[in-house]
Amino acid sequence: MDFKKLKPIPLRPECEPDYDPQIWQPTWCCFCCHDTGFVTDRLAGLIIEGYISGQHKIARCRASKCQAEIGETLEASPSLDNRLTREICDYLDYLEREEWARTLKKQHELRKQALGLVDELAERKSIRLRRRTQEEEMEVRRKHEEVINQ
């Protein structure tokens, strides 16, 4: 029987030449409040003029994606600002998601740039007359795995 050859799955993907590590990404449902139920200070400052955390009431999140539950005592507390509507919080959620997307893109570009500089420096400092061939690279990796596994 003739089977299709499968590609090997690397045990440690971070050792692969094309590995692109991801930066931390939030797992929040609601980017408006980061799943706390309270609009983040930065976002509250975009809607509430002159907002200062600790001096002004805490803005309650009402975004449609928000799943945070505020206890009954806090719900009745006079320290909450309940003026923000679902539409406002959904807009703040959108803005924060866009900010995260820009941050990820910028970090990715910075990482690629840094890796390029490292490769360039390594090549300039290398005493090798040429780059390794694919076969040489595979042999080096095999030897490396042998050393690790011993």
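K.L.:
I would appreciate a short explanation of the overall build of the protein in the present structure.
P.N.:
Per the secondary structure count, the protein includes four helices and two strands. Helices and strands appear in the protein in the N-to-C order α-β-α-β-α-α. On C-alpha atoms alone, the protein measures out to a radius of gyration of 25 Å, which is more than a quarter above the 15 Å that the 2.2 N^0.38 rule sets for 150 residues. Considering the protein as a whole, with its 150 residues, one finds that 19% of them fall into the buried category. Distance between charge centres in the protein, computed from 26 positive and 28 negative side chains, equals 4 Å.

K.L.:
What is the right way to read the environment of Lys57 from this model?
P.N.:
Along the polypeptide, Lys57 turns up in the loop between helix H1 (41-47) and strand E1 (58-59). Separated by 22 residues in sequence, Lys57 and Ser79 place their C-alpha atoms 5.2 Å apart. Once residues lying within four places of it in the same chain are set aside, the contact partners of Lys57 are Tyr51, Pro78, Ser79, Leu80 and Asp81. A polar contact of 2.9 Å, which involves the side chain of Lys57, links it to the backbone oxygen of Pro78.

Rules and cut-offs
- For every chain, the first residue of the written sequence is number 1, and numbering continues from 1 along that sequence.
- Predicted model: local features are reported for residues with pLDDT of at least 70 only, side-chain atom pairs are reported and counted for 80 or more only, and whole-chain, interface and lining totals are derived from all residues.
- Derived side-chain values reflect all non-hydrogen atoms in the structure, with water molecules and hydrogen atoms excluded from consideration.
- A run of H or I in DSSP counts as a helix once it spans at least four residues, and a run of E counts as a strand once it spans at least two, with each numbered from the N terminus.
- With C-alpha atoms as the basis for the radius of gyration, the globule rule is written as 2.2 Å multiplied by the number of residues raised to the power 0.38.
- In this scheme, a residue with accessible area under 20% of its type's maximum is buried, one over 50% is exposed, and one in between is partly exposed, where area comes from a 1.4 Å probe on protein chains only.
- Here Asp and Glu are counted as negative and Lys and Arg as positive; His is not counted, and neither are the chain ends.
- In this description, the location of a charge corresponds to atom NZ of lysine, CZ of arginine, CG of aspartate or CD of glutamate.
- Residue contacts are counted whenever heavy atoms from the two residues lie within 4.5 Å of one another.
- Pairs of N or O atoms are called polar contacts if they sit within 3.5 Å, as long as, within protein, a hydrogen donor faces a hydrogen acceptor (for residues adjacent in sequence, only side-chain-to-side-chain pairs).

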